[in-house]
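Tertiary structure, described
One letter stands for each residue in the lines below.
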Amino acid sequence: MGKNVIFFFSGTGNCLSIARNIAKGIGGAQLIRIKKGMSKPDLSDADRVGFVFPCYGGGAPEDVFDCAKTLKVKPGAYTFGVTSCAAYKGTGLAKLHKIIPLKYWSVVTHHCSCIWLFPHDLMMPRLTIGEAEARNEDLSAKIAKDIVDGKTRRKPGLNVLNAFENMGFSKMVEKKAAAFAVSDKCIGCGQCMGLCPRGNITIIEGKAKIGTNCTQCLSCLQYCPQSAISIGEISEKREHYHNPNVKPADLMQDSITV
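Residues numbered from 1 in each chain as written. Predicted model: local features only at pLDDT ≥ 70, side-chain atom pairs only at ≥ 80, totals over all residues. Heavy atoms only, no water.

1. Some details on the overall build of the protein chain
Counted only if it meets this: By the criteria applied, helices consist of DSSP H or I runs no shorter than four residues and strands consist of E runs no shorter than two, each listed in order from the N terminus. For this measure, only C-alpha atoms enter the radius of gyration; the expected value for a globule follows 2.2 Å times N^0.38, where N is the number of residues. Think of it in three bands: residues with accessible area under 20% of the maximum for their type are buried, residues over 50% are exposed, and the middle band is partly exposed, with areas taken using a 1.4 Å probe on protein chains only. Contacts were defined at the residue level, with two residues in contact if any of their heavy atoms lie within 4.5 Å. Method for areas: the Shrake-Rupley scheme with a 1.4 Å probe, in which residue coverage is limited to the protein chains shown. Asp and Glu are treated as the negative residues and Lys and Arg as the positive ones, with His and the ends of the chain left uncounted. Charged groups are reduced to one reference atom each: NZ for lysine, CZ for arginine, CG for aspartic acid, CD for glutamic acid.
Summing up its helical and strand segments, the protein chain has ten helices and ten strands in all. Rg of the C-alpha trace for the protein chain: 18 Å, near the compact-globule value of 18 Å for 258 residues, within the 12% margin. Along the three orthogonal principal directions, the C-alpha set of the protein chain runs to about 55 × 35 × 35 Å. The buried share of the protein chain, taken over its 258 residues, is 52%. Long-range pairs, those at least 24 residues apart, make up 76% of the contacts in the protein chain with a sequence separation of at least 6. Accessible area for the protein chain stands at about 12000 Å²; split by element, carbon and sulfur atoms hold 54% of it. Here the protein chain carries 33 positive and 22 negative side-chain charges, and the mean point of each set is 6 Å from the other.

Spelled out as structure tokens, the structure:
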């Protein structure tokens, strides 16, 4: 394993894009996809260990915390966390800090990925997809410089309102998972199977079947080449979104060297 390791969780590609940009700025890194059944790398030689993940329902995907709990970071390693969100950072960084103390953290706002909650262009500040990605590159470069310079920050604060919001998110996720539908446009290509971080999708008789073990990354829906997957009527009306610089094949790799 390299000197720089970044774990990422990404549904629509925003967090992978951020992780790649940071990796380039710190002289390269091994990017590890957070998913069910992932193999835990040896971090004994890693001088820098980072996490890039989205804000979900005021918090973060539980998969991020489950991963962090299994890792052994060597004493003295520089640890950092970056969250991607539409507007506010939520509680994810604070919760991660309790598992692996973060020496540095930051936030990058980008287009919203939760299609049933908001249209994708709802972000702060309001930007086009191209402008948002250019901003991502600029902010990631600044974050990378801070990391190279060894800057530190006080521990991330825990916003009470976000924490309260996040308490009910798991139940909302269960309800939304049951709302998935796959239309006859599905060609059984299997792309959604590879994208799902929880192995929650199977192909049965040439058609995708989505289970209930869902974290709402919505990668299956947003990247579907046939627009065959929906999660309620609103998702059929709103424009789908995924990061313009991240292909499905990129997200399906368990490890990426930058």
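2. Brief notes about the environment of T202
Structurally, the position occupied by T202 is in strand β7 (residues 201-204). Separated by ten residues in sequence, T202 and C192 have C-alpha atoms that sit 8.6 Å apart. Apart from the residues within four sequence positions on either side, T202 is in contact with M193, K207, A208 and K209.

3. Brief notes about the sheet that holds strand β3 (residues 48-54)
To be explicit about the condition: Pairing between strands requires that DSSP locate at least two bridges from one strand to the other. Orientation is described by lines fitted to C-alpha atoms, with helices fitted over the stretch in contact, and by angles between N-to-C directions that extend from 0 to 180 degrees.
The six strands are arranged β5-β4-β3-β1-β2-β10 in an open sheet whose pairing can be described as mixed. In this open sheet, the two edge strands, each paired with only one partner strand, are β5 (104-109) and β10 (255-257). Here the average twist between neighbouring strands, direction ignored, is 20°. When β3 meets strand β4 (residues 78-85), the two strands line up parallel, connected through seven bridges. Bridge pairing in β4 places G50 opposite F80. Packing against the sheet, helix α4 (residues 129-148) makes contact with β3, β4 and β5, and its axis sits at approximately 175° to β5.

4. Things to note about the packing of aromatic side chains
Here is the rule we go by: Ring geometry is summarised as follows: Phe, Tyr and Trp rings, the Trp one being its six-membered ring, pair when their centres sit within 6.5 Å, and such pairs are stacked at plane angles under 30 degrees, edge-to-face over 60 and tilted between the two. By the criterion adopted, a ring carries a charge over it if an Arg CZ or a Lys NZ lies within 6 Å of its centre and within 35 degrees of its normal.
Enumeration according to the criterion identifies three aromatic pairs in this entry. A ring pair is formed by F7 and F51, whose centres lie 5.4 Å apart and whose planes are at 20°; its orientation type is stacked. Taken as a pair, F7 in strand β1 (residues 4-8) and F51 in strand β3 lie far apart in primary sequence, 44 residues in all. In terms of burial, F7 and F51 fall into one category: buried. The lysine or arginine in question, R153, covers the ring of W105, its NZ or CZ lying 3.8 Å from the ring centre.

5. Some thoughts on the environment of I115
For I115, the location among the structural elements is in the loop between β5 and α4. Taking the C-alpha atoms as reference points, I115 and F169, 54 residues apart in sequence, are found 15 Å from one another. Beyond its immediate chain neighbours, meaning those up to four positions away, I115 contacts L218, L221, Q222, I231, I234, S235, R238, E239 and H240.

6. Some remarks on the packing of helix α1 (residues 14-25) against α4
What counts, and what does not: Note on angle classes: values under 35 degrees are labelled roughly parallel, values over 145 roughly antiparallel, values of 65 to 115 roughly perpendicular, and the remainder oblique. By definition, any crossing whose near helix is turned counterclockwise from its far helix by less than a right angle is left-handed, and any crossing with a clockwise turn is right-handed. The classification used treats Ala, Val, Leu, Ile, Met, Phe, Trp, Tyr, Cys and Pro as nonpolar, Asp, Glu, Lys and Arg as charged, and all other residues, Gly among them, as polar.
For the pair α1 and α4, interaxial distance at closest approach is 8 Å and the crossing angle is 45°. Taken as axis vectors, α1 and α4 run oblique relative to one another. Our pair here, α1 against α4, has a crossing hand that is right-handed. Of the residues in α4, those in contact with S17, I18, N21, I22 and G25 of α1 are E133, N136, E137, S140, I143, A144, I147 and V148. Split into classes, the residues belonging to the contact of α1 with α4 amount to six nonpolar, five polar and two charged.

7. Points about the layout of surface pockets
Put simply, the rule reads: Computed over the protein atoms alone on a 1 Å grid, cavities are sets of points where a 1.4 Å probe fits but cannot get out and pockets are open sets with protein on both sides within 12 Å along at least five of seven lines; a residue lines them when it has an atom within 4 Å of a point. Grid points are joined across faces, edges and corners, and a volume is the space filled by probe spheres set on the points.
Counted as a void, the largest pocket has a volume near 500 Å³. In this structure, the largest pocket is lined by 31 residues; those nearest its centre are C55, C85, A86, C112 and S113. Taken together, the elements giving at least two residues each to the lining of the largest pocket come down to α1 and β4. Its residues assigned to classes, the lining of the largest pocket comprises 18 nonpolar, twelve polar and one charged. Here the second largest pocket is characterised by a volume of approximately 190 Å³.

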